[in-house]
Amino acid sequence: MRNAEQVITGGASSSSYSVFGEETDTEAGDDEVTVTEEVRSGTLFELDLLDCPVCCHALTRPVFQCDNGHIACSSCCTNLRSKCPSCTLPIGVYRNRMMERVVEAVIVPCPNAKHGCTEMFSYGKELVHEKECSFALCYCPRRGCNYAGLCKDLYRHYYNCSSAREYFRCGYNVQAWMHIRDKILVLQEGREGPLVAIQCFEEEQGVYVTVNCIAPCVPGVSEFSFQLSYSSYGGADKTMSFGLGEMNRIQKVCFQTPDKDFMFVPHYFLAGRTSLKMNICVRRRGGEEEEENT
């Protein structure tokens, strides 16, 4: 259930019109009279009433109803093979246009309004915006630290919070050595620049390695590409590399083994070693690159 503190005002739309009086012999014969309708508004405390009762996601056009008045979103109607989950009558043919109008008329703030975002959206569309909101909170990757803040504030916090700092410089190869048991190595661009988290996940077959930038998915914010390479201790003949033209951005590090966008290092490459000796080159997308340090 949505937080009842999200009070919505402005359900009905307002309108205004002008009435022009006809010419009379009176001195005010050409006066214009403007009449404005009073704005009607209301308050909705239970926002979940605007969610599909089947999937619990925000209702979006089209909204369908059965003959008994039960409603469902179009996706659920398809998944349920047009059978109402409440009464088993057919559903998916007749639209509930009034509910569609109600959902679109309810205006809600961005979930990050308390952090400074002033954007407003029709109910449900704020969740799409939230993923790309520049006011989205990012979380400190240091173990035991619960700090969360805007990305620029986080970068400044991390520099002051962490005693063991590792740095990267765009366009330059840097060493990324980490013990597998540590699970994470954080690199920072300069003193208070963006944070890049290199994580490793040990599984039965080997070690999965990921590279992510801690930042919201906002255009123009911390957009990087990277190339990661690993050489076994047996020699340069056992070398592998992995890179992405667009580094993934995350707001919080996750310690669940990834299912995509990773470099896999099999155990025979490790030769019993408990650490990873890697090199990484991070580049800024869409900007001038510094000359690579070779």
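What you see is a predicted model; the values in this text were computed from it and never measured.

## Details of the overall build of the chain
- The secondary structure content of the chain amounts to five helices and 21 strands.
- Burial statistics for the chain: of 294 residues in total, 37% are counted as buried.
- Sequence separation of 24 or more characterises 54% of the internal contacts of the chain that already satisfy a separation of 6 or more.
- For the chain, the computed accessible surface area is about 18000 Å², with 47% contributed by carbon and sulfur atoms.

## Description of unusual backbone geometry
- Looking along the chain, the bond that leaves R61 and enters P62 is cis, with omega of 0°.
- With respect to the helices, strands and loops of the structure, P62 is situated in the loop between β4 (43-44) and β5 (63-65).

## Quick look at helix α2 (residues 97-105)
- Of all the residues in α2, the buried ones are M99, E100 and V103. The buried residues of α2 occupy one face: seen down the axis, they fall within an arc of 105°. Away from the buried face of α2 by more than 90 degrees, exposed residues R97, M98 and R101 are located.
- Buried residues in α2 make contact with β5, β6 (71-73) and β7 (94-95).

## Description of the environment of C217
- Tracing the backbone shows C217 in the loop between β16 (206-214) and β17 (224-231).
- C217 sits 85 residues away from E132 along the chain, and the two C-alpha atoms are 5.0 Å apart.
- Among all residues touching C217, those that are not within four sequence positions of it are K131, E132 and R249.

## Things to note about the environment of C145
- Its location among the elements puts C145 in the loop between β10 (138-139) and β11 (148-149).
- In the structure, C145 is positioned 17 residues away from S162 in sequence and 9.8 Å away in space, judged by C-alpha atoms.
- In this structure C145 touches C140, H157 and C161, once residues within four positions along its chain are discounted.

What counts and how
- Residues numbered from 1 in each chain as written.
- Predicted model: local features only at pLDDT ≥ 70, side-chain atom pairs only at ≥ 80, totals over all residues.
- Heavy atoms only, no water.
- Helix = DSSP H or I, 4+ residues; strand = E, 2+ residues; numbered from the N terminus.
- Buried < 20%, exposed > 50% of the residue type's maximum accessible area, 1.4 Å probe, protein only.
- Contact = heavy atoms within 4.5 Å.
- Areas by Shrake-Rupley, 256 points an atom, 1.4 Å probe, with all protein chains shown as cover.
- Arc of directions from axis to C-beta.

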